[in-house]
Amino acid sequence: MTVLYALGIACVCASVATAYCRNKKLEKAQLSLKLTASMLFCVTGVHAAALRESMNARAALLLIALLLGLLGDVLLGLDYFLKKEHIAFIFLLGGGSFFFGHLLYVLLLLPLGGFHPWLLALLPFVPLLFLALQRCRILDLGKNLIPLMAYGLMLGAMLLSTLNLALQGGTLGRWMIFPGIFFVISDLSLFLSKFGNQRITPLQNALSYMIMLPYFSAQAIFAVTVGLV
């Protein structure tokens, strides 16, 4: 277990270094460190699987969700190296990878334990937050509004499913207190950074850490729980 936790911590540390390089405009170093962090959460998941007495379909699908996260990280990390006309397409492609990864997380977590119906109120929370920020002109989502509404709905489902499992208690439940919240913080920070108005510009350095640290922390937590599902 020591190696497992060390890998997870290394992933989180690499995410902090990634944010630092992002702020310093060190694009190649940023991409290298980001991919290192992504590889580390995948390796953490594989190591957690190796510690199991036997493999099951749920653990295998959780590993696939982690790989989809790695793919999304690769695609979104190419921003600085692409022509402008290709960036929007790659952004949507990377977002699609995260969407299906989140969908796998939701489908895996919701059937575990009971269900608290009042948590359904969380489902529209993220899309409504995006709309409110758009209405207040803090975000300008433009042509991305509809896809990001769908993505926000998936984030709401992720938040619902992780907190629902957290309320069940037990070892797995304790791990699930934070990852859904972390994903919402990370993605909201990403959209503020990418689509925010001029008032957001002074916050870009802080947003780098708010994108990277919660996201990789959430993925590291999911990787550790490969051994528990």
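Reading guide: rules and limits
Residues numbered from 1 in each chain as written. Predicted model: local features only at pLDDT ≥ 70, side-chain atom pairs only at ≥ 80, totals over all residues. Heavy atoms only, no water. Helix = DSSP H or I, 4+ residues; strand = E, 2+ residues; numbered from the N terminus. Buried < 20%, exposed > 50% of the residue type's maximum accessible area, 1.4 Å probe, protein only. Contact = heavy atoms within 4.5 Å. 1 Å grid on protein atoms, 1.4 Å probe; cavity = no way out; pocket = protein on both sides within 12 Å on 5 of 7 lines; lining within 4 Å. Points joined across faces, edges and corners; volume = space filled by probe spheres on them. Nonpolar A, V, L, I, M, F, W, Y, C, P; charged D, E, K, R; others polar. Core = buried A, V, L, I, M, F, W, Y, C linked by side-chain atoms within 4.5 Å. Phe/Tyr/Trp six-rings, centres within 6.5 Å; stacked < 30°, edge-to-face > 60°. pLDDT = per-residue confidence, 0-100. Lys, Arg positive; Asp, Glu negative; His and termini not counted. Salt bridge = Lys/Arg side-chain N within 4 Å of Asp/Glu carboxyl O. Arc of directions from axis to C-beta.

Engineer: I'd like a rundown of the overall build of the protein chain, residues and numbers included.
Structural biologist: Secondary structure summary: the protein chain contains nine helices and zero strands in total. For the protein chain, the spread of C-alpha atoms along the three principal axes comes to 50 × 40 × 25 Å. The burial tally for the protein chain puts 47% of its 229 residues in the buried class. Pairs at least 24 residues apart make up 79% of the contacts formed inside the protein chain by residues separated by at least 6 positions.

Engineer: Help me get a handle on the environment of I177, residues and values and all.
Structural biologist: Its location among the elements puts I177 in the loop between α7 (170–175) and α8 (179–195). Here I177 falls in the partly exposed class, since its relative accessible area comes to 36%. It is 5.9 Å that separates the C-alpha atoms of I177 and L163, two residues lying 14 residues apart in sequence. Beyond its immediate stretch of four places on either side in the chain, I177 contacts L163 and A166.

Engineer: Before we move on, can you summarise the layout of surface pockets with the specific residues and values?
Structural biologist: Quantified by volume, the largest pocket comes out at close to 620 Å³. Taken together, 30 residues form the lining of the largest pocket, with L76, F91, F98, L190 and F191 sitting closest to its centre. If you list the elements that add at least two residues to the lining of the largest pocket, you get α2 (27–50), α3 (57–76), α4 (84–109), α6 (145–166), α8 and α9 (204–224). For the lining of the largest pocket, the per-class residue count stands at 17 nonpolar, seven polar and six charged.

Engineer: Run through the nonpolar core, naming residues and quoting values.
Structural biologist: Ranked by internal contacts, the top residues of the largest apolar core, which has 64 residues, are L66, Y105, F130, F183, F191, F222 and V226. F222 has contacts with L62, L66, Y105, L109, M158, T162, M176, P179 and F183, leaving out every residue within four places of it along the chain.

Engineer: Residue-level account of the packing of aromatic side chains, with values.
Structural biologist: Throughout the structure, instances matching the rule amount to 14 aromatic pairs. With a centroid separation of 6.3 Å and 35° between ring planes, the pair formed by Y105 and F183 is classed as tilted. Here the residue Y105 occupies a position in helix α4, and F183 occupies one in helix α8, the gap between them amounting to 78 residues. Relative accessible area serves as the criterion here: at 1%, F183 is assigned to the buried category. Between the aromatic rings of F130 and F191, the centroid separation amounts to 5.3 Å while the plane-to-plane angle is 80°, which identifies the pairing as edge-to-face. Here F191 lies in helix α8 and F130 lies in helix α5 (residues 125–135), a separation of 61 residues in the sequence. For the pair formed by F130 and F191, the shared burial category is buried. The structure contains a cluster of three or more aromatic residues connected by ring pairs, namely F41, F98, Y105, F183, Y215, F216 and F222.

Engineer: Can you break down the confidence of the model for the protein chain residue by residue, with the values?
Structural biologist: Any segment with low pLDDT has predicted coordinates that should not be analysed in fine detail. Confidence in the prediction for the protein chain averages 90 pLDDT; 97% of positions are at 70 or higher. Of all the helices and strands in the protein chain, α4 carries the lowest mean pLDDT, 84, while α9 carries the highest, 96.

Engineer: Residue-level account of the side chain of K34, with values.
Structural biologist: Position of K34 among the secondary structure elements: in helix α2. Here K34 occupies a buried position and makes no salt bridge, while the nearest side chain of opposite charge, D73, is found at 4.5 Å. If we skip the residues at most four places from it in the chain, K34 touches T18, D73, L76, G77 and F216.

Engineer: Please set out α5 residue by residue, giving values where relevant.
Structural biologist: Within α5, burial applies to V126, P127, F130 and L133. When α5 is viewed along its axis, its buried side chains cluster within an angular range of 125° and face the same direction. Among the exposed residues of α5, those pointing more than 90 degrees away from its buried face are L128 and R135. As for α5, its buried residues are in contact with α6 and α8. Of the residues trailing α5, R137 is marked for its positive phi of about 65°.

Engineer: Before we move on, can you summarise the environment of W118 with the specific residues and values?
Structural biologist: Along the polypeptide, W118 turns up in the loop between α4 and α5. Sequence spacing of W118 and K34 is 84 residues, and the spatial spacing of their C-alpha atoms is 37 Å.

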